[in-house]
Amino acid sequence: MKRPRRPSLRRLLPRRPRRKTVLWALGLAALFLLIAGPSAVANDVYSNIGPAPQIPPGGLVERYPLASYQLDQYFPAISVGLTSGVDVSGVAPLIAYFIAQVIWMITAFLAYAVITVFAFAFSLDLLNGNGTPGSGALAPVSTAIHNLYASTFGAPWLVAMVVIVGCWAMWKTLVQRRYTETAGALAVSLLYFVLAIGIVTQPEQTIGPASKLSNQLSTALLSLTNQGSVGNESQAKLGASNQLFELLVLDPWTVLEFGGLENCTTIAEGKGRSVAVRPLSSSPAEDSRLASQLDAATEIRAQGKTCVNDKNKYAPHFLAFPYQSDRRNSEHEALEKGDVSALPASDAGKTDGSYPLGKADEPAAEAMGKGGQYQRLLLSVVIFLGELGAFALVGALAFSVILAQILLLTALGFAPVALLIGIFPGRGHEFFKTWVSKLAGYLARKVVYSLILAVVLAVSQALADATSNLGWLLAFVLQAAFLWTVFLQRNRLTADFLSATVGPKAGQDATNRLQTLYYTTRLARMATRSHRQPAPVTSAGSPSSGEGPAPSSEPPPAGKAPPEGGGGSPSSGEPPSGGEAPPSD
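None of these values were measured; they are calculated from a predicted model. Each chain has its residues counted from 1, following the order in which its sequence is written. The predicted origin of the model limits local features to residues at a pLDDT of at least 70 and limits the giving and counting of side-chain atom pairs to 80 or more, whereas totals for whole chains, interfaces and linings rest on all residues. The side-chain figures draw on all heavy atoms in the structure; neither hydrogens nor water molecules are used.

Q: Just give me the short version of the overall build of the chain, but keep the residues and values in it.
A: For the chain, the helix and strand inventory stands at 20 helices and six strands. Under the scheme applied here, a residue whose accessible area is under 20% of the maximum for its type counts as buried, over 50% as exposed, and between as partly exposed, the area being computed with a 1.4 Å probe on protein chains only. Every one of the 585 residues in the chain was classed for burial, and the buried ones make up 37%. Surface accessibility in these figures is a Shrake-Rupley result with a 1.4 Å probe; residues are shielded only by whichever protein chains are displayed. Total accessible area on the chain is roughly 34200 Å²; 62% of this is exposed by carbon and sulfur atoms. Strands are runs of DSSP state E lasting at least two residues, helices are runs of H or I lasting at least four, and both sets are numbered from the N terminus onward.

Next comes the structure, spelled out in structure tokens:
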């Protein structure tokens, strides 16, 4: 009979946490720290080592601190009373609120980061800098190109390449007698030589103006989308940043905080009751007119109901005060009671009458109560998943713009090499054309990405206007689907634009890399398969080498036929097996 195994000491001890779990915990803790108190992290360190603010002042992004966009809640988790006992009905809504708050703050933080990176990328000019002499990287790169040409790839190498091209031309004309082909190739070599020597000796007069033109076209595209007319760089960035921030942060926060961008109420028995916002009128023309009026105003009356624009009326008063401050709590109390006298003294609407409150405003405070937290949680998840497409698209475009400028500087450093190789016909011409196409592609990428972003913002705004009568949720889902589609097709769009503007080779980098990887993998598999495949075995039990056995040098014995398959050829007339050899003449 076997004894029962005793549990080992290792099993009794608690298991060590996995490395991934620890990393996730540290990452979430750092994220919560950034969300809870970004000023505590940024004031001392980031303000000293970070770049200057890239978003122009006066826009939506810098109007209020990001911490003010946190979600408010006003209900107890556990309440205790002498007669009512212990009420724990608020625990589950509080948990839902906490999860919704975390998801939403992660979303808002990512949106703010993406908008900041966008403004930084589309204002960055590595070549020319801020416009002052010596502020860009083009001047030191030009010095490096001059030194490389003078000390390494200078006149001796150029003379050697010219001699080699001359020998090639003599061979083509005197030996092969291809006069027209040789003359054309030499003309192309001369053209490439002039272009390359101009880039090598004067990069600030060749590449510099092209980079400035690229930045001007990029700014013009962004400003045309937001204003309808060509503006300066600051106005273009401000307009695009405002539209992105309104789409990704302000509108979703208003929905989560007050239960929608708009709400309509009717007064019944002295209490406000929420009703559907649409339609505002039974007449289509009147409904369109009232919708436009509500979009620009704070409050209107239509068909016996009072309709309020939450973003215009409530959001500025709540965002003006820090999260969980006494003045913000007073704002909620005044909204919940519909009483202007409960507003904080620092709110100008308390005395000047610009912020009237009444029974029609009470339902807007219900989203912060116990009953609105589950809807908050569901909406926060939908918003996060929908905005991931916008984060990925804008972030990919911004990082691609920065990377294109870095690659442009790198390709510019190979100008002396392109000068030497480009004058040789054939492969040298192909190398030079590829190099010039890459330079032009890197210069045009910022314009192409600005065009894509301008089209995305214009179509997104058109979708929002066209679906405004369908409600914010459906309009947001359609915009999110559109942004996800553009993100998934961004490489194809970029390649098509680059192929149409600067040539097909500028837009085929990704395709060529994928094709090279595919064919390399196939060749490796074929080589492995042929190496592992066993050789066929002959009837004698030895592996076949693909050739017949060596013929025997000794003649067969008299009266016997030669062995099968040995020595004789099929055309020598071998007798059948077992037969006698024919008599010799």
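Q: Describe the pairing of strand β5 (residues 299-302), with residues and values.
A: Here β5 shows a buried face lined by Ile-300 and Ala-302 and an unburied face lined by Glu-299 and Arg-301. Strand pairing is assigned whenever DSSP detects at least two bridges linking the two strands. In sequence, β5 turns back onto strand β6 (residues 305-309) through a hairpin of two residues, with Gln-303 there showing a positive phi of about 55°.

Q: Tell me about the environment of Ala-210, residues and numbers included.
A: Structurally, Ala-210 is set in helix α8 (residues 203-227). Judged by its relative accessible area of 28%, Ala-210 is partly exposed.

Q: Residues and numbers for the nonpolar core, please.
A: Only buried residues count toward a nonpolar core. Its members are Ala, Val, Leu, Ile, Met, Phe, Trp, Tyr and Cys residues joined through side-chain atoms within 4.5 Å. Ranked by size, the top nonpolar core spans 68 residues in total, and within it Trp-104, Phe-118, Trp-253 and Leu-335 carry the most contacts. Secondary structure elements with two or more residues in this core: α4 (91-121), α9 (233-258), α12 (315-319), α13 (326-337), α15 (373-412), α17 (427-466) and α18 (472-488). Here this core gets 12 residues from one element, more than from any other, and that element is α9.

Q: Go over the pattern of salt bridges with me, naming the residues and quoting the values.
A: Salt bridges are defined as contacts in which a side-chain nitrogen from Lys or Arg sits within 4 Å of a carboxyl oxygen from Asp or Glu. Enumeration according to the criterion identifies 12 salt bridges in this entry. In this structure, Glu-299 and Lys-313 form a salt bridge, with 2.7 Å as the shortest nitrogen-oxygen distance. Taken together, the residues span a long stretch of sequence, with Glu-299 in strand β5 and Lys-313 in helix α11 (residues 310-313) at a distance of 14 residues. Each of Glu-246, Asp-251 and Lys-311 takes part in salt bridges that share partners, so that together they form one network.

Q: So, the side chain of Glu-331: which residues are in play, and what are the values?
A: Note that Glu-331 resides in helix α13. This buried residue, Glu-331, is left without a salt bridge; Arg-327 holds the nearest opposite charge, at 8.5 Å. In what follows, residue pairs with any heavy atoms lying within 4.5 Å of each other are defined as contacts. For Glu-331, the contacting residues outside a window of four places in its chain are His-317, Phe-318, Phe-321, Leu-343, Pro-344, Asp-347 and Tyr-355. The positive count covers Lys and Arg only, the negative count covers Asp and Glu only, and His and the chain ends enter neither.

Q: Any details on the sheet that holds β6? Residues and values, ideally.
A: With antiparallel pairing, the four strands of this open sheet are ordered in space as β4-β3-β6-β5. Looking at strand neighbours, the two that pair on one side only are β4 (271-275) and β5, the edges of this open sheet. Direction aside, neighbouring strands of the sheet carry axes that sit 35° apart on average. Across four bridges, β5 lies against β6 in antiparallel orientation. In the strand pairing of β6, Glu-299 is matched with Val-308. Angles shown run from 0 to 180 degrees and are taken between the N-to-C directions of axes, each axis being a line fitted to C-alpha atoms and, for helices, limited to the stretch in contact.

Q: Provide a residue-level description of α17, including the pertinent values.
A: A helix is expected to reach a length of 1.5 Å times the quantity of its residues less one. Its 40 residues place the ends of α17 54 Å apart at the C-alpha level, agreeing with the 58 Å of an ideal helix rising 1.5 Å per residue. If you look at α17, its biggest bend is around 35°, right at Ala-444. Axes are fitted to the seven residues ending at a residue and to the seven starting at it; the angle between these axes is taken as the bend at that residue.

Q: I'd like a rundown of the environment of Leu-248, residues and numbers included.
A: Turning to its location among the elements, Leu-248 is positioned in helix α9. Each C-alpha atom of the pair Leu-248 and Gly-386 lies 9.6 Å from the other, and the pair is 138 residues apart in sequence. Not counting residues up to four positions away in its chain, the partners in contact with Leu-248 are Trp-104, Ala-111, Glu-387, Ala-390 and Phe-391.

Q: Which residues make up the state of the cysteines, and what values do they have?
A: The criterion for a disulfide is a pair of cysteine sulfur atoms lying within 2.5 Å. For the structure on display, the rule yields one disulfide. The partner cysteine of Cys-264 in its disulfide is Cys-307, sulfur to sulfur 2.0 Å. Of note, the bridge from Cys-264 to Cys-307 carries an S-S torsion of about 110° and is right-handed in sense. Taken together, the residues Cys-264 in strand β3 (residues 262-268) and Cys-307 in strand β6 connect sequence positions 43 residues apart.

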